[in-house]
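Residue-level structural notes
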Amino acid sequence: MDYKEIDSRWQKKWADARIFESDVGSKDPYLVTVAFPYVNAPLHIGHIRTYGTADVLARYKRMRGYNVLFPMGFHATGTPILAFAKRLRNNDKELVAELKLFHISDQTIAQMTDPLFIANYFVKDIEYGMHRAGLSIDWRRKFVSTDPQFSKFIEWQFGILNSKEYLVKGRHPVGWCPNENNAVGMHDTKHDVEPDIEGVLSIRFKVEGEDAYLLCTTYRPETLFGVTNIFVNKDIKYTLCRINGGHEPYYVSKEASKSLAFQFKIEPISDIPGSELLSKRGVNPINGESVPVFPGFFVKGDVGTGVVMSVPAHAPFDYAALKRLRESGYPMPDIKPRRVMEIKAGGSINPEGYVDLPAMAYIGLFAKGSDAGDDLLEKATKLQYREEAHLGKMVIHEYEGMGGDEAGNKVKGELMGAGNAFEIYILANSPVYCRCGYPVAVKVVDDQWFINYGNKEWKSLAAAALKGITILPEKSKRAFDAALDWIGLRAVARSQGLGTRFPLDKGKIIESLSDSTIYMSFYTISNLIRDLPAEKLIPELFDYVYLNKGDPQSVSSATGIDFQLIKRCRESFDYWYRNTSRHSAGELIFNHLTMYIFNHAAIFAKEYWPRQIAVNGMVLSEGEKMSKSLGNIVPLVDGIEKYGTDVIRMQVIASADLFSDSDFSEVAVRGIDERFRYLFDLVGRIDEFDSGELRHIDYWLYSKLNRKVASATEQIEKLELRGVSTSVFYDSILELRKYLARGSPNGIVLKDYLSCIILMLAPIAPHVAEEIWHGLGNESFVSLEKWPQADGSMISDKVEAEEDMLDSIIADTNQVAALIRKSGKEPRSVRIIVADEWKRSANNIVAKDHSIKQIMERLNSAEGMQGLGLKPEDRERSMKYVQNMAKKMNQLRQLDQSQDDEYGLLAGSVDYLKKSLGYPVTVEPESKSDSKRAHNAAPQRPSIDISS
RNA sequence: GCAGGGGUGGCAGAGCCUGGCCAAAUGCGACGGGCUUAGGACCCGCUUCCUUUAGUGGAUGCAAGAGUUCAAAUCUCUUCCCCUGCACCA
């Protein structure tokens, strides 16, 4: 058995028969689309999670009689390919090593300094990988997001967004490299760090007797009431400068003046040493208090503005700095910390203990005598900030009782309203370095274009769309709700990258997640317009095709495009786009998938809105996240070569819940391989088996089979593929083993069973399924066969329970036999004693209302006894039995098996029992048994009497 | 910090929505046995503790704690811990 041979043989047959190429037809349509791959790396096994899951759905729906279209395109817009080429031009060793892992030749790598080459290379490479993975894609429709025809489509989309006033302009901070003079994203930094930008408030303190301000940055404006002084670093340079042309200048650190220049217009006036600031006093804008300026040991020039307002009651660093200053003998007045908020309960400190000194109390949690090193102060700060933000209540008059965050926002609003504060941006994870080596700064772009997902009407439109979408798995629905609420402005135009020019500013490129929100609709026409020159694709064409607006005849005469072709485009979109399923990894919920919903709601009529979205987890490699640094990435083609396509598909796609990560491990993969081989082996021998009348075990197998058809159908509809593979694959093999162990299997039953599970296995493991399907004598493609239908009449709880009973009798007998052997004796034969009928009645009476009252009443009267078929002398023993039964009252269930049923089953299974146990077995009813253990018999739990 | 998802036996991982047939599927691993020259493969058994040399008895138990209930892995609340995403980046 050679997976490679099987895989390529069936892939070729599918391709030759063009069974995955779909066109407008009379059957119900089903369009499956997946987040198209970005063309800067080959596929690894992780990619198959999403593509494979979509493929399973496509294959399943095909078997359910839908006309299924599963198209694929490629994403090449944006900056990564450019960054990729640049890295190779700079001979980046890390990247080269990564490419070598995928067996890319030196010769090819040498050509990868050209972005176009990179894109073309990976388009081919990825398409090849998808072929090898057996994805049922209609390749006639592929396109690349840099194709000029696609650009026309995107321009049309943005025209509509603009006409609806969803595009707005504003200020926006970005990571910026001062050296290269361009925006810096994750792809452009050393070690791929995302520059983490955050806004902080800068509050100005008027310098007493001078037309200037000290500018302090803070995360906690609500503590402004507790300011006792200002800290600067006396050993660094400060710059007096004007900001944005205001006439009163500010003191900030020299470094800050430079980095702020990317956010504001900064005019430096003069530099002075920090020590000169120490003689000044600042006025607190919130209460007019005048506070002194002190040197602070922790103040850094490159953090914020290099000027810090000191709140010793609520900031451990401030408290410690004042304490050290006093202890060093620095000439200073007595500074009294002032508390602005308190924590009533639930915090780490005792709220009564340090009325005006919470910071000291926090320090005390980490260090003896409140004399802590910087790292401990850091910890104390974090804890205090966290607890005060959560549990703190303001104690300042107008703010009394307010939470920390709420008060902070109010103070911020007041200050900003009065012009006493403004926001500046800083890099929270500073320093971040650009690949060129320079530290990244934050630049504020003034004329940034955004898509305004915060627009109220649009949002409610999107909410309406979301309502109509089936989200799989259901539990991720809440994430969509949250994402929809949260999404607001999204910067849409970029200064660099591949892609479509932004219509309202042709110097900019449309950001690459924003140009792929409705591309799924492009598949419906991509094959039809492929050869048309892009300039003919005027907005009116798309208006007609997608919106049914305008007149195809006039579009035809305006562009020279064949009238019929235009009509076909419209028909194709209208046909395919009514029933769609969208697939991606869960991490895209908060951007791509939400934008997908918004844009569909904005552009298309209701009947073309999304119908289903499925999000899946990732793939781990031997329990670890796959990463370049761990070197544990398994290239897809390598994996397929080594293990076989379906073994990989089975493990990657179907070994975990849809939303959970699946683990690719050697051991698990081997287990799948072994089971496939078991099936192949069994099918190879299928003609050896006779077929006669159906026995109990045959009915059992049919019952199990039909039950799993029903459950697997339900599960695959929800893409619960782990459940499908467990019941259809793993459990089936256990059932087959059990069935075969019973001896003389029925060939027809086996064939029925195997055919059916193969049909259900086909979406997940299509190559193996085709091979086995044909091994069973079929001529058709299993890929095009009908999904099986459960026959409810074949499902029998009774038959299954009876088989379970046989198993437990064997287990129990073995257990008893073990005890006998322990005493040195050897079991010679066993009698199995079937409980009397009255015990079944008793069971059912008790089980009915979970009470022994009724049955006891019956046992207490002669007629009642008689009704149960008992004699008066049985009374005592039967009461004892019932009392015993009552102990497990809550577990009793109704039984529909009579004593005769049970007896018949056991008598008919004597041979099997004998074979399993290894000694003679006889069966007898309780009433006819002379065994002293006979009275132990209970329904479905016969008494066992072993002679030794 | 905010948002979303989680925490189950040596490990992986079902079960949780719809409470009771749950000492908890299945797989892997470990252990004992069979088969074998041996290893692998395969087959059988076993894998919380106690009790029982004739069994299906008892205790503890599903992150921790509290609660609801006749009954909780499952429902509610609190706490702790882990994973993912957080914007111009695909």
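Residues numbered from 1 in each chain as written. Chains lettered and ligands numbered in written order. Predicted model: local features only at pLDDT ≥ 70, side-chain atom pairs only at ≥ 80, totals over all residues. Heavy atoms only, no water.

**Topic: the overall build of chain A**
On a plain count of helices and strands, chain A comes out with 33 helices and 30 strands. Computed over C-alpha atoms, the radius of gyration of chain A comes to 38 Å, more than 25% over the 30 Å expected from 2.2 N^0.38 for 948 residues, which places it beyond the range of a compact globule. When the backbone C-alpha atoms are referred to their principal axes, chain A occupies close to 115 × 85 × 55 Å. Sorting the 948 residues of chain A into buried and exposed places 54% on the buried side. Counted over contacts in chain A with a minimum sequence separation of 6, partners at least 24 positions apart contribute 75%. For chain A, the exposed area adds up to about 41800 Å²; of that, 49% sits on carbon and sulfur atoms. Of the charged side chains in chain A, 118 are positive and 127 negative, and the gap between their average positions amounts to 1 Å. (Helix = DSSP H or I, 4+ residues; strand = E, 2+ residues; numbered from the N terminus. Rg over C-alpha atoms; globule rule 2.2 N^0.38 Å. Buried < 20%, exposed > 50% of the residue type's maximum accessible area, 1.4 Å probe, protein only. Contact = heavy atoms within 4.5 Å. Areas by Shrake-Rupley, 256 points an atom, 1.4 Å probe, with all protein chains shown as cover. Lys, Arg positive; Asp, Glu negative; His and termini not counted. Charge placed at Lys NZ, Arg CZ, Asp CG, Glu CD.)

**Re the side chain of Arg649**
Mapping Arg649 onto the fold places it in helix H21 (residues 645-654). A polar side-chain atom of Arg649 sits 2.8 Å from the main-chain carbonyl oxygen of Ile764. Discounting residues that sit within four places of it in the chain, Arg649 has contacts with Asp55, Val56, Arg59, Ala133, Gly134, Leu135, Ala654, Pro763, Ile764 and Pro766. (Polar contact = N/O pair within 3.5 Å; in protein donor to acceptor, adjacent residues only side chain to side chain.)

**Structural notes on the pairing of strand E9 (residues 250-253)**
Taken together, the 2 bridges between strand E6 (residues 213-218) and E9 define a ladder with parallel strand orientation. Paired with Leu214 across the bridge in E9 is Tyr251. In sequence, strand E8 (residues 237-243) turns back onto E9 through a hairpin of 6 residues, with Asn244 there showing a positive phi of about 50°. (Pairing = 2+ DSSP bridges.)

**Some remarks on the sheet that holds strand E20 (residues 493-494)**
Sheet strands pair via backbone hydrogen bonds, and the direction of the pair is either parallel or antiparallel. Reading across from one edge, E20-E22-E21 is the order of the 3 strands in this open sheet, with antiparallel pairing throughout. At either end of the open sheet lies a strand with only one pairing partner, and these are E20 and strand E21 (501-502). In terms of strand pairing, E21 meets strand E22 (residues 505-510) through 2 bridges, oriented antiparallel. Counterpart to Phe502 in the pairing with E22 is Asp505.

**Observations regarding the pairing of E22**
Walk down a regular strand and you will see the side chains alternate between the two sheet faces. The pairing of E20 with E22 spans 2 bridges and is classified as antiparallel. Looking across to E22, one finds that Arg494 is bridged to Ile509. Turn length for the E21-E22 hairpin, with the two strands adjacent in sequence and antiparallel, is 2 residues.

**Concerning the pattern of salt bridges**
Scanning all chains against the criterion turns up 48 salt bridges. Here Arg18 and Glu21 are joined by a salt bridge, their closest N and O atoms 2.8 Å apart. You can call Arg18 exposed: its relative accessible area is 52%. Here Asp673 makes a salt bridge to Arg677, at a shortest N to O gap of 2.9 Å. (Salt bridge = Lys/Arg side-chain N within 4 Å of Asp/Glu carboxyl O.)

**Quick notes on the environment of Ala847**
Relative to the helices and strands, Ala847 is located in helix H28 (residues 837-849). Given a relative accessible area of 9%, Ala847 falls into the buried group. Linking Ala847 and Gln894, residues 47 residues apart in sequence, is a C-alpha distance of 6.1 Å.

**Things to note about the sheet that holds strand E30 (residues 943-947)**
In spatial order, the strands read E29-E28-E30; together these 3 strands make up an open sheet with mixed pairing. Since the sheet does not close on itself, it has two edges, and those belong to strand E29 (921-925) and E30, each with one partner. Neighbouring strand axes in the sheet, compared pairwise and without regard to direction, differ in orientation by 25° on average. Most of the contacts of helix H32 (residues 899-908) go to E29, to which it runs at about 170°, and overall it touches strand E28 (829-834) and E29. Here helix H33 (residues 910-917) sits on the sheet and contacts E28 and E29; the angle it forms with E29, its principal contact strand, is near 135°. (Axes fitted to C-alpha atoms, helices over the stretch in contact; angles between N-to-C directions.)

**Observations concerning the side chain of His583**
Looking at the element boundaries, His583 is found in strand E23 (residues 580-585). A polar atom in the side chain of His583 sits 2.9 Å from the side chain of Ser581. Ignoring anything within four residues of it in the chain, the contact list for His583 reads Val32, Thr33, Val34, Ala35, Thr50, Thr53, Ala54, Leu57, Ala614 and Leu719.

**Looking at the packing of helix H6 (residues 115-132) against helix H20 (residues 636-643)**
The geometry of H6 relative to H20 is characterised by a closest axis approach of 10 Å and an angle of 30° between their N-to-C directions. One way to sum up the angle between H6 and H20 is to call them roughly parallel. Of the two elements, H6 crosses H20, and the hand of that crossing is left-handed. The residues of H20 that touch H6, namely those facing Tyr128, Gly129 and Arg132, are Leu636, Val637, Ile640 and Glu641. (Parallel < 35°, antiparallel > 145°, perpendicular 65-115°, else oblique. Left-handed = near helix turned anticlockwise from the far one by under 90°.)

**Focus: helix H13 (residues 456-467)**
For H13, which comprises 12 residues, the first-to-last C-alpha distance of 17 Å matches the rise-based estimate of 16 Å (1.5 Å per residue) to within 8%. Lining the buried residues of H13 we find helix H7 (148-163), strand E17 (441-452), strand E18 (470-472), helix H14 (477-486) and helix H19 (589-603). Near the N-terminus of H13, the side chain that reaches the backbone nitrogen of Glu457, with its oxygen 3.0 Å away, is that of Asn455. (Expected span 1.5 Å × (residues − 1).)

**A short note on the packing of aromatic side chains**
Counted by the stated rule, this structure contains 50 aromatic pairs. Each ring, one from Phe542 and one from Tyr546, has its centre 6.2 Å from the other, and the planes form 20°; the classification is stacked. Taken as a pair, Phe542 and Tyr546 lie in helix H16 (residues 539-547) at a separation of 4 residues, close to a single helical turn. Across the pair, Tyr546 and Phe542 agree in class, each one buried. Between Lys13 and the ring centre of Trp10, over which it is positioned, the NZ or CZ distance is 4.8 Å. Its end group placed over the ring of Phe297, Arg324 keeps NZ or CZ at 3.9 Å from the ring centre. (Phe/Tyr/Trp six-rings, centres within 6.5 Å; stacked < 30°, edge-to-face > 60°. Lys NZ or Arg CZ within 6 Å of the ring centre and 35° of its normal.)

**Topic: the confidence of the model for chain A**
Considering every residue of chain A, the mean pLDDT works out to 88; 97% of them sit at 70 or more. No element of chain A has a lower mean pLDDT than helix H31 (residues 875-886), which averages 75, and none a higher one than strand E2 (residues 67-69), which averages 98. Across the interfaces of the predicted complex, the ipTM metric reaches 0.91, alongside a pTM of 0.87. (pLDDT = per-residue confidence, 0-100.)

**Re the state of the cysteines**
Applying the stated criterion to the full structure yields 0 disulfides. The cysteine Cys434 is free of any disulfide, with Cys436 supplying the nearest cysteine sulfur at 3.6 Å. Here Cys436 is not disulfide-linked; the sulfur of Cys177 is the nearest cysteine sulfur, at 3.6 Å. With a relative accessible area of 31%, Cys436 lands in the partly exposed category. (Disulfide = S-S within 2.5 Å.)

**Concerning the packing of helix H1 (residues 3-17) against helix H26 (residues 766-775)**
Two elements in contact, H1 and H26, have axes separated by 9 Å at closest approach and are oriented at 85°. Classified by the interaxial angle, the pair formed by H1 and H26 is roughly perpendicular. Side by side, H1 and H26 meet where Tyr3, Ile6, Asp7, Arg9, Trp10, Gln11 and Trp14 of the first sit next to Pro766, His767, Val768, Glu770, Glu771 and His774 of the second. Looking at the contact of H1 with H26 residue by residue, the class counts come to 6 nonpolar, 3 polar and 4 charged. (Nonpolar A, V, L, I, M, F, W, Y, C, P; charged D, E, K, R; others polar.)

**What about the environment of Tyr425?**
Looking at the element boundaries, Tyr425 is found in strand E16 (residues 421-427). We classify Tyr425 as partly exposed; its relative accessible area is 22%. Not counting the four nearest positions on each side in its chain, Tyr425 is found in contact with Arg171, Pro173, Ile197, Glu198, Gly199, Gln263, Val442 and Val444.

**Here we look at H32**
Turning to H32, its buried residues number three or more, namely Gln899, Glu902, Leu905 and Leu906. Angularly, the buried residues of H32 cover 135° about the axis, an arc narrow enough to put them on a single face. Of the residues in H32, the exposed ones pointing more than 90 degrees away from the buried face are Asp900 and Gly908. (Arc of directions from axis to C-beta.)

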